[in-house]
Amino acid sequence: MDSIDLKILRELVKDGRISNNRLSEKVGLSPSPCWQRQRRLEESGVIRGYQAIIDQEAMGAPETALIEVSLDRHGGYRLEQVCEQIAAFPEVLEVHITSGEFDCFVKVAVSSTRGYEEFLREKLYTIPHIRASRSAFSLRCFKNELSYVP
């Protein structure tokens, strides 16, 4: 990957719907080589996909809860399976296996504190092997990037 590829990636992170002509202008290539580089980045898996970013408030879930989840220390389950079950809930935005005091970190979009309580009671706590959770609400987000390009 060279500096032109990195320029392409930086522009695509800013605007995944940018036209090839505009992208080629911004990175200093003619359209055909720019398109070929972008396709190569997609085919190699560097670019994993494109997606729309939806306003949570418009969807009726303006609050973001950040949850630290601890699991039982007994055998008989795989941490990955528990995380996959959590990730299957549509309001869950992120699930990470973590190091430290808790086992996974979950970011979830909810309507309110009552919506969060319902998520805990009706969804999260129905998953076997969850011992405890600790949570906080995001009061305001200052940065929310999906990708990092050096």
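Scope of this entry: the structure provided in the associated data block. Along each chain, the written sequence defines residue order, and numbers are assigned to residues from 1. Predicted model: local features are reported for residues with pLDDT of at least 70 only, side-chain atom pairs are reported and counted for 80 or more only, and whole-chain, interface and lining totals are derived from all residues. Heavy atoms throughout the structure, all of them, feed into the side-chain values; hydrogens and water do not.

## Section: the environment of Tyr-116
Okay, so step 1: Tracing the backbone through its elements, the reader meets Tyr-116 in helix 5 (residues 113-122).
Okay, so step 2: Note on contacts: a residue pair qualifies if any of its non-hydrogen atoms lie within 4.5 Å across the two residues. Apart from residues lying up to four places away in sequence, Tyr-116 is in contact with Ala-65, Ile-67, Val-108, Val-110, Ser-135 and Phe-137. In DSSP terms, a helix is any run of H or I states spanning at least four residues, a strand is any run of E spanning at least two, and both are numbered starting from the N terminus.

## Focus: helix 5
Okay, so step 1: Burial classes follow relative accessibility: with a 1.4 Å probe on protein chains only, a residue under 20% of its type's maximum area counts as buried, one over 50% as exposed, and anything between as partly exposed. Among all positions of helix 5, only Gly-115, Tyr-116, Phe-119 and Leu-120 are buried. Seen end-on, helix 5 carries its buried residues on one side only, within an arc spanning 140°.
Okay, so step 2: Those residues of helix 5 that are buried lie in contact with strand 1 (63-71), strand 2 (92-97), strand 3 (104-110) and strand 4 (130-137).
Okay, so step 3: Any N or O atom pair separated by 3.5 Å or less is treated as a polar contact, with the protein-specific requirement of one donor-capable and one acceptor-capable atom, and with residues adjacent in sequence counted only for side-chain atom pairs. The opening residue of helix 5, the one whose side-chain oxygen lies 3.3 Å from the backbone nitrogen of Arg-114, is Ser-112. Here the arc refers to the directions that run from the helix axis out to each C-beta atom.

## Focus on the sheet that holds strand 1
Okay, so step 1: One open sheet accounts for 4 strands, arranged 2-3-1-4; its pairing is antiparallel. A strand with exactly one partner marks an edge of an open sheet, and here the two such strands are strand 2 and strand 4. With direction set aside, neighbouring strand axes in the sheet form an average angle of 20°.
Okay, so step 2: Pairing of strand 2 with strand 3, which is carried by 5 bridges, proceeds in the antiparallel orientation. Residue pairing for strand 3: Val-95 is matched across the bridge by Val-106.
Okay, so step 3: To obtain an axis, a line is fitted to C-alpha atoms, over the contacting stretch when the element is a helix, and the angle between two such axes runs from 0 to 180 degrees between their N-to-C directions. Where helix 4 (residues 79-87) meets the sheet, its contacts fall on strand 1, strand 2, strand 3 and strand 4, and the angle it forms with strand 2 comes to roughly 170°. Any two strands are treated as partners once DSSP identifies two or more bridges connecting them.

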